[in-house]
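Structural features, examined
Here is what each chain is made of, one letter per residue.
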Amino acid sequence: MTAESAETAMAASLGTHRYPVAPGCELNVRSGPGTGYSIVDVLPVGATVPINCQTPGTTVTGPYGTSNIWDNIGNGRFVADAYVKTGSDGYVAPRCG
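Note that this is a predicted model, so its numbers are computed, not measured. (Residues numbered from 1 in each chain as written. Predicted model: local features only at pLDDT ≥ 70, side-chain atom pairs only at ≥ 80, totals over all residues. Heavy atoms only, no water.)

**So, the confidence of the model for the protein**
Per-residue pLDDT for the protein averages 89, and the proportion of residues at 70 or more is 84%. In the predicted structure, residues 4–13 sits below a pLDDT of 50 and forms 13 contacts with residues beyond four places in sequence or in another chain. (pLDDT = per-residue confidence, 0-100. Contact = heavy atoms within 4.5 Å.)

Here it is in structure tokens:
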């Protein structure tokens, strides 16, 4: 089972909403909330992600604007919110803490 399919199964079992990554974009998954953290995975075009919690980090400009919000999509897995279609410019999940 791939990490993506494992996350899909976990999200389904928890009833977690999944959000689409911007069309046509592969998305770097980082070990922390910023571009200075190592890349631990790359999500393919067409991926969707669960958002467990959100936290401020490096400011990034993407298809959905400029934001310092980072989405936690799994243990030690963060993506820039500017690449995720949440329907909001702000927080849509609890703050990580």
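Text resumes after the structure shown.
**Remarks on the state of the cysteines**
This structure, assessed with the given rule, holds 1 disulfide. Between the sulfur atoms of cysteine 53 and its disulfide partner cysteine 96 the distance amounts to 2.0 Å. Between cysteine 53 and cysteine 96, the S-S torsion sits near 95°, and that sign places the bridge as right-handed. Of this pair, cysteine 53 sits in strand E5 (residues 53–62) while cysteine 96 sits in the segment after strand E7 (77–80); the two residues are 43 residues apart in sequence, bridging distant segments of the chain. Look at cysteine 53 and you get buried, because its relative accessible area is 14%. (Disulfide = S-S within 2.5 Å. Helix = DSSP H or I, 4+ residues; strand = E, 2+ residues; numbered from the N terminus. Buried < 20%, exposed > 50% of the residue type's maximum accessible area, 1.4 Å probe, protein only.)

**Overview of the nonpolar core**
Judged by nonpolar contacts, the single largest core of 14 residues is most densely connected at Val21, Leu27, Leu43, Val49, Ile73, Val79 and Val84. If we skip the residues at most four places from it in the chain, valine 84 touches Tyr19, Pro20, Leu27, Val49, Ile51, Tyr64, Asp71 and Val79. (Core = buried A, V, L, I, M, F, W, Y, C linked by side-chain atoms within 4.5 Å.)

**Some thoughts on the environment of tyrosine 83**
Along the chain, tyrosine 83 falls in the segment after E7. Tyrosine 83 gets classed as partly exposed once you look at its relative accessible area, which sits at 23%. Sequence spacing of tyrosine 83 and leucine 27 is 56 residues, and the spatial spacing of their C-alpha atoms is 7.5 Å. Once residues lying within four places of it in the same chain are set aside, the contact partners of tyrosine 83 are Pro20, Val21, Ala22, Cys25, Leu27, Val60, Thr61, Gly62, Pro63 and Tyr64.

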